[in-house]
Amino acid sequence: SATVSQKTKTSALQNNSGINQSGNGNAANVSQNDDFQTSSVDQSSDGNTATVTQGIDNSADNSYGNISTVAQSGTGGNDATVSQTGIFGISAVSQVGSNGTANVTQHDASQNQTSYVTQAGDADSATVDQSGDTNLSSVDQQANSNAAVVKQNGNNNGSAVSQLADNNAARVTQTGNGNSSGISQ
């Protein structure tokens, strides 16, 4: 199933959503408010779920220009949830294993947040929570049963998590400005 809801503030800056599903039992739900939002969902295996929320449905013009891509393949059962309520956020989620979970939140009153989540194993989970401006998070999990949690609250922070073996857990919390963190397991 696929559901798209769009509410544009300015007709010159319309929202764009594309959904491609070639497997069985997939569900994609996209909600776009304000202007200039772009969402792409591609699900090519079975039993995947993607939920994308972009912008805030209010009278202000303060949550526009976000980009989200979700690609889920592998053997299926993956779940991706993306919420972008700031300005010019970028989120890319790729899950090519099975039963993976990715949750990305880019908060309102923030801008230029970037999050990349790549999960190639089975039963991996990633949670990314970004507040502030110009933060960058990269989570790359190539093995099975890994978990990563990244929370960034401030400006110009960078985090890279790479987990290449099974059963690893990583937690990164960055508060303040100009922090940098790298974890490789």
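In what follows, the structure referred to is the one given above.
Note that the structure is a prediction, hence the values are computed from the model and not measured. (Residues numbered from 1 in each chain as written. Predicted model: local features only at pLDDT ≥ 70, side-chain atom pairs only at ≥ 80, totals over all residues. Heavy atoms only, no water.)

For the rest of this paragraph, the subject is the packing of aromatic side chains. Taken as a whole and assessed by the stated rule, the structure comprises one aromatic pair. Ring centres of Y64 and F88 lie 5.5 Å apart, and the angle between their planes is 90°; this geometry places the pair in the edge-to-face category. Of this pair, Y64 sits in the loop between strand 5 (49-54) and strand 6 (67-72) while F88 sits in the loop between strand 7 (79-84) and strand 8 (90-95), placing them 24 residues apart in sequence. The exposure class assigned to Y64 is partly exposed, which follows from its relative accessible area of 25%. (Phe/Tyr/Trp six-rings, centres within 6.5 Å; stacked < 30°, edge-to-face > 60°. Helix = DSSP H or I, 4+ residues; strand = E, 2+ residues; numbered from the N terminus. Buried < 20%, exposed > 50% of the residue type's maximum accessible area, 1.4 Å probe, protein only.)

Overall, the coordinates contain two salt bridges when judged by the stated rule. When the shortest N-O distance is used, the salt bridge between D57 and K7 registers 3.0 Å. Here D57, found in the loop between strand 5 and strand 6, pairs with K7, found in strand 1 (residues 2-7); they are 50 residues apart in sequence, far enough to count as distant. According to the relative accessible area criterion, K7 is partly exposed, its value standing at 46%. The salt bridge involving D129 is made with K151; its shortest N-O contact spans 4.0 Å. With D129 in strand 11 (residues 125-133) and K151 in strand 13 (residues 147-155), this pair connects stretches of sequence that are 22 residues apart. (Salt bridge = Lys/Arg side-chain N within 4 Å of Asp/Glu carboxyl O.)

Attention now moves to the sheet that holds strand 1. Spatially, eight strands are ordered 1-3-5-7-9-11-13-15 in an open sheet, and the strand pairing comes out parallel. With partners counted over all chains shown, the strands left at the sheet margins are strand 1 and strand 15 (169-177), one partner each. If you compare each strand with its neighbour and ignore which way they point, the axes differ by 0° on average. Summarising the sheet, strand 13 and strand 15 pair through nine bridges and their orientation is parallel. Following the sheet pairing, V149 is matched in strand 15 by R171. (Pairing = 2+ DSSP bridges. Axes fitted to C-alpha atoms, helices over the stretch in contact; angles between N-to-C directions.)

Okay, the environment of Q54 next. Note that Q54 resides in strand 5. Accessibility expressed as a relative area gives 0% for Q54, which makes it buried. Separated by 15 residues in sequence, Q54 and S39 place their C-alpha atoms 8.4 Å apart. When neighbours within four sequence positions are excluded, Q54 is seen to be in contact with S31, Q32, N33, Q37, T38, S39, N66, I67, S68 and Q84. Separated by 2.9 Å, the side chain of Q54 and the backbone oxygen of T38 make a polar contact. (Contact = heavy atoms within 4.5 Å. Polar contact = N/O pair within 3.5 Å; in protein donor to acceptor, adjacent residues only side chain to side chain.)

Counting residues in each nonpolar core, the largest one holds 20 residues, and the members touching the most others are V41, V70, V93, V117, V139 and V161. Taken together, the elements giving at least two residues each to this core come down to strand 3 (27-33), strand 5, strand 7, strand 9 (101-106), strand 11, strand 13 and strand 15. (Core = buried A, V, L, I, M, F, W, Y, C linked by side-chain atoms within 4.5 Å.)

Moving on, we get to the pairing of strand 7. Every second residue of strand 7 is oriented toward a common face, the buried set being A80, V82 and Q84 and the non-buried set D79, T81 and S83. Direction of pairing for strand 5 relative to strand 7: parallel, over a ladder of six bridges. Bridging across to strand 7, A50 finds its partner in A80. In terms of strand pairing, strand 7 meets strand 9 through six bridges, oriented parallel. By the bridge assignment for strand 9, A80 is matched with A102.

Before going further, it helps to examine the side chain of N78. Mapped onto the elements, N78 comes out in the loop between strand 6 and strand 7. Looking at N78, its side chain comes within polar contact range of the main-chain nitrogen of G100, at 2.7 Å. Leave out the neighbours within four places in its chain, and N78 touches G47, N48, T49, Q72, S73, Q95, G97, S98, N99 and G100.

Turning our attention to the environment of S40. Here S40 lies in strand 4 (residues 38-43). Measuring from C-alpha to C-alpha, the distance between S40 and D79 comes to 15 Å, with 39 residues separating the pair along the chain. With residues up to four places along the chain from it excluded, the contact list for S40 reads G18, S68, T69 and V70.

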